[in-house]
Amino acid sequence: MIGERERPPGAPDENRGRVPQWLVVAAGLPLLAAMLIEFAAVIARNVGWNLVGSIELVQAMILLSSSGAMVAATLSRAHAKVSVFSSRYRGRSGSAMRVLLAVGGTAFFLSLTAGSAWIAWEMRNASEQSELLGVPYSPLRVVVTVAMFVIALIYARRVVLELTRR
Amino acid sequence: MTDLATGSLGVVVLLVLLLAGLPIGVSLGLVGTVGLVAVLGAEPALVKSGVIVLETLTRYELGTLPLFLLMAHLCASANASRDFFDAAAKLIGHRRGGLALASVGGCAGFGAVNGSSLATAATMGLVALPEMRKRGYSDSLATGCVAAGGTLGQMIPPSGALIVFGIITEQSIGKLFTAAIIPGLTQLLFYCAVIWLIATWRPHTAPPTPRATHSERLRAIGRVWDLLLLVLLVICGIALGWMTPTEAASAGAAGAVLLCARRGALNATTILAALRETLVTSGLIFAVIIGSLVFSVFISVTGVAESVADAAVRADLGVLGTMFLIAAVLLLLGSVLDGLALMLLATPIVLPVVGEFGLSTIWLGIFIVRAMEIGFIHPPIGLNLYVIQGIAPDVSLGRIFKGVLPFLASDLLHLALLILFPAMVLWLPGQMR
């Protein structure tokens, strides 16, 4: 939508197949569910009903969908970046830069994994849930932590692949 | 090292990482996390970043983004860009410069279901460029008007950039969308004026085309009524307070599903393709939002933003002087950073400055997005120029830039007007219920 993707706009999408269909379905279904719940809530409100707890359901669906979306964006190398200089990386120095960039990605998402895992662990016995429908928060925190870890692994795999290619 | 020095060093390191090609979200988040570790210690830094991830992904407003993206991808599958251009071309194409006017009109219409400069320029370029060139329009005008018109996608609601701005500054996305209506429409009028001036002064660059018959016009309008209805539902729904932005996005996406079904374009392949594109694009933006929020905490903790605000007050340039200075810095930075990086780097630093001068955060959002848009059409980044060259490879980048120059001049004038008359931005949201 905004920002330049790692794959330049208009360039052939050679990595498209790398977002597996099951991930599209797994992250897409919660998004469609959020759409339907929210749309139903709007219609219901206009005919005088009140769909209690629709916001809580939408929040949970969006969390599931967005966790998958971040993994999908990483798999398809879609993360926005500035490519003024990086598009000119060639040879061994270019390979070294790509390793460093992938290490940066690994480090950042590992820090997010550690942070979200820390909170999930600290709150494991708190039995927190949403007010109206009682949607439990613990499994949602686990989903986010796993998603961040998977993204870190994807970046780490790029480091290994770049190093073995040299 | 003082906290302020650490913060300043962090800003410099961030610029280096961005220019080195590290993804924007990762650059912001990495600098923010390492900086927080240096200032606060490892445990608070990690816990803070964890809290940011969990709070961001459970925010109700976050749903606005993927749902609007889904609406955009489904509308694109239903041939929205071609229909918008065809309708505008049939109505005004026979006038001198009419196809160029139809192109920017089509960009505005498609921007109202899309929200992205690049996507608007790319899709309208595919539709409008061949038609204009076939009809004898000069390459520079044809490419320039589509490259510039593409930026309307970023301003006319629903705008992806404004959603991101709303989330990172905790502002009402509905107010931001409403505030963007007058700037978006005046930007469109400015572009129309530029085309009219070019067509008047250099008539050979924009020859008239045969006039469409009344029945052709009616058929063309008949093909866009459902799209227009969807656009009106979304924009009016938010501006009149009938729906929250997330509800409007849901209604828009559901409406787009119905629209695809009505047009016979709804099948498993279309839905899966739209979902895939939606997930990939929203995933990249979520990563950027999380990185940006971590960076904002770092900037806030180190006191960099307050120092910049103090310096701006001490410089005694007045509100206008300071805002024009900020605009100049943003445009300069826009020469080396793309729009998203520019917005996310500038917002936490500029926000307190704007606050010191009593200006609203809503106004800042429109101002920054307008500066971002200009970055899309001026070299060396100017992504829209590259997108258009990808569609018309036989037209040199220099020629495209020559074509976009008059629009760029109108953009700078428009930006100056937004600074001089903040009411252009703030009047409409002030009328909201």
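Thresholds, definitions, all that
- Residues numbered from 1 in each chain as written.
- Chains lettered and ligands numbered in written order.
- Predicted model: local features only at pLDDT ≥ 70, side-chain atom pairs only at ≥ 80, totals over all residues.
- Heavy atoms only, no water.
- Helix = DSSP H or I, 4+ residues; strand = E, 2+ residues; numbered from the N terminus.
- Buried < 20%, exposed > 50% of the residue type's maximum accessible area, 1.4 Å probe, protein only.
- Contact = heavy atoms within 4.5 Å.
- Areas by Shrake-Rupley, 256 points an atom, 1.4 Å probe, with all protein chains shown as cover.
- Rg over C-alpha atoms; globule rule 2.2 N^0.38 Å.
- Lys, Arg positive; Asp, Glu negative; His and termini not counted.
- Charge placed at Lys NZ, Arg CZ, Asp CG, Glu CD.
- Axes fitted to C-alpha atoms, helices over the stretch in contact; angles between N-to-C directions.
- Parallel < 35°, antiparallel > 145°, perpendicular 65-115°, else oblique.
- Nonpolar A, V, L, I, M, F, W, Y, C, P; charged D, E, K, R; others polar.
- Core = buried A, V, L, I, M, F, W, Y, C linked by side-chain atoms within 4.5 Å.
- Phe/Tyr/Trp six-rings, centres within 6.5 Å; stacked < 30°, edge-to-face > 60°.
- Buried area = accessible area lost by both parts, 1.4 Å probe.
- Salt bridge = Lys/Arg side-chain N within 4 Å of Asp/Glu carboxyl O.
- Polar contact = N/O pair within 3.5 Å; in protein donor to acceptor, adjacent residues only side chain to side chain.
- pLDDT = per-residue confidence, 0-100.
- Patch = residues over 30% accessible without salt bridge, like charges linked within 9 Å, V, L, I, M, F, W, Y side chains within 5 Å.
- Disulfide = S-S within 2.5 Å.

1. Describing the overall build of chain A
Piece 1. Regarding its fold elements, chain A presents 4 helices and 0 strands.
Piece 2. What you see in chain A, going N to C, is helices and strands ordered as α-α-α-α.
Piece 3. When burial is assessed residue by residue, chain A has 48% of its 166 residues classed as buried.
Piece 4. Put simply, 79% of the contacts in chain A that link residues at least 6 apart link residues at least 24 apart.
Piece 5. Working note: accessible area of chain A is about 8,200 Å², and carbon and sulfur atoms make up 65% of it.

2. What to know about the overall build of chain B
Piece 1. Looking only at helices and strands, chain B has 21 helices and 0 strands in total.
Piece 2. Relative to the compact-globule value of 22 Å for 433 residues, chain B shows a C-alpha radius of gyration of 22 Å, a close match.
Piece 3. Along the longest, intermediate and shortest principal axes, the C-alpha atoms of chain B span 70 × 50 × 45 Å.
Piece 4. Taken across its 433 residues, chain B has 62% of its residues classed as buried.
Piece 5. Long-range pairs, those at least 24 residues apart, make up 81% of the contacts in chain B with a sequence separation of at least 6.
Piece 6. Carbon together with sulfur atoms contributes 68% to the accessible area of chain B, which is approximately 14,700 Å² in total.
Piece 7. Here chain B holds 23 positive side-chain charges and 21 negative ones, and the gap between their average locations is 17 Å.

3. A closer look at the packing of helix 1 (residues 21-46) of chain A against helix 13 (residues 245-262) of chain B
Piece 1. Interaxial distance between helix 1 of chain A and helix 13 of chain B falls to 8 Å at its minimum, and their mutual angle equals 105 degrees. As the angle between them shows, helix 1 of chain A and helix 13 of chain B are arranged roughly perpendicular. Residues Ala34(A), Met35(A), Glu38(A), Phe39(A), Val42(A) and Arg45(A) of helix 1 of chain A touch helix 13 of chain B, and the partners they reach there are Thr246(B), Glu247(B), Ser250(B), Ala251(B), Ala253(B), Ala254(B) and Val257(B).
Piece 2. Classifying every residue of the contact of helix 1 of chain A with helix 13 of chain B by side-chain character gives 8 nonpolar, 2 polar and 3 charged.

4. Looking at the nonpolar core
Piece 1. Within the largest apolar cluster, 204 residues are counted, with the highest numbers of intra-cluster contacts made by Phe109(A) and Phe367(B).
Piece 2. Ranked by residues supplied to this core, first place goes to helix 14 (residues 268-302) of chain B with 17 residues.
Piece 3. Not counting the four nearest positions on each side in its chain, Phe109(A) is found in contact with Met70(A), Met148(A), Ile151(A), Ala152(A), Tyr155(A), Val26(B) and Ala287(B).

5. Quick notes on the packing of aromatic side chains
Piece 1. Tallied over the entire structure, the rule returns 6 aromatic pairs over all chains.
Piece 2. Residues Phe109(A) and Tyr155(A) carry aromatic rings whose centres are separated by 5.9 Å and whose planes lie at 10 degrees to one another, so their mutual orientation is stacked. Here the residue Phe109(A) occupies a position in helix 3 (residues 91-122), and Tyr155(A) occupies one in helix 4 (residues 138-165), the gap between them amounting to 46 residues.
Piece 3. The interplanar angle of 80 degrees and the centroid separation of 5.5 Å between the aromatic rings of Tyr191(B) and Phe407(B) together place this pair among those described as edge-to-face.

6. Examining the interface of chain A and chain B
Piece 1. Taken together, the contacts link 63 residues of chain A with 73 residues of chain B.
Piece 2. For the pair chain A and chain B, the two sides together bury roughly 5,800 Å², of which 77% comes from carbon and sulfur.
Piece 3. The tally of links between chain A and chain B comes to 1 salt bridge.
Piece 4. Here Glu247(B) ties to Arg45(A) by a salt bridge, and the two come within 2.7 Å at their closest N and O atoms.
Piece 5. Across the contact surface, chain A and chain B share 6 residue pairs in polar contact (both at pLDDT 80 or more).
Piece 6. Looking at the side of chain A that touches chain B, the elements with two or more residues in it are helix 1, helix 2 (54-75), helix 3 and helix 4 of chain A.
Piece 7. Class assignment for the residues of the side of chain A that touches chain B results in 40 nonpolar, 15 polar and 8 charged.

7. Some points on the environment of Ala409(B)
Piece 1. On the secondary structure map, Ala409(B) appears in helix 20 (residues 397-420).
Piece 2. Expressed as a C-alpha distance, the spacing of Ala409(B) and Ile168(B), which sit 241 residues apart in the sequence, is 30 Å.

8. Description of the confidence of the model for chain B
Residue and element names in this part refer to chain B.
Piece 1. In the predicted model, chain B carries a mean pLDDT of 89, and 99% of its residues have values of at least 70.
Piece 2. Averaged pLDDT values over the elements of chain B bottom out at 82 in helix 15 (residues 304-314) and peak at 95 in helix 11 (residues 173-201).
Piece 3. In the predicted assembly, ipTM is 0.88 and pTM is 0.85.

9. Section: the pattern of salt bridges
Residue and element names in this part refer to chain B.
Piece 1. If you walk through the whole model with that rule in mind, you get 14 salt bridges over all chains.
Piece 2. Of the charged contacts in the structure, one is a salt bridge between Asp 394 and Arg 133, with a shortest N-O distance of 2.6 Å. Here Asp 394, found in the loop between helix 19 (383-391) and helix 20, pairs with Arg 133, found in helix 7 (residues 117-134); they are 261 residues apart in sequence, far enough to count as distant.
Piece 3. Asp 394 sits in the exposed class, given a relative accessible area of 58%.
Piece 4. You can call Arg 133 partly exposed: its relative accessible area is 27%.
Piece 5. A salt bridge links Arg 370 to Glu 373; the shortest N-O distance between them is 2.8 Å. Taken together, the residues Arg 370 and Glu 373, both in helix 18 (residues 361-375) and 3 residues apart, mark about one turn of the helix.
Piece 6. Among the residues examined, Arg 370 registers a relative accessible area of 0% and is labelled buried.
Piece 7. Via salt bridges that share partners, Asp 83, Arg 223, Asp 226, Arg 262 and Arg 263 belong to a single interconnected network.

10. Describing a nonpolar patch on the surface
Residues and elements named next belong to chain A.
Piece 1. The grouping of Val 52, Leu 57, Leu 132 and Leu 133 at the surface amounts to a nonpolar patch, some 350 Å² of accessible area in total.
Piece 2. Its place among the elements puts Val 52 in the loop between helix 1 and helix 2.
Piece 3. On the accessibility criterion, Val 52 (53% relative accessible area) is exposed.

11. Section: the side chain of Thr113(A)
Residues and elements named next belong to chain A.
Piece 1. Positionally, Thr 113 belongs in helix 3.
Piece 2. Looking at Thr 113, the relative accessible area reads 9%, which means it is buried.
Piece 3. Not counting the four nearest positions on each side in its chain, Thr 113 is found in contact with Thr 145, Met 148 and Phe 149.

12. A short note on the state of the cysteines
As used here, a disulfide is simply a covalent bond connecting the sulfur atoms of two cysteines.
Residues and elements named next belong to chain B.
Piece 1. In this structure the tally under the stated criterion is 0 disulfides over all chains.
Piece 2. Cys 107 takes part in no disulfide bond, and the closest cysteine sulfur to it belongs to Cys 145, at a distance of 7.4 Å.
Piece 3. We classify Cys 107 as buried; its relative accessible area is 0%.
Piece 4. Here Cys 236 is not disulfide-linked; the sulfur of Cys 75 is the nearest cysteine sulfur, at 16 Å.
Piece 5. Owing to a relative accessible area of 28%, Cys 236 belongs among the partly exposed residues under this scheme.

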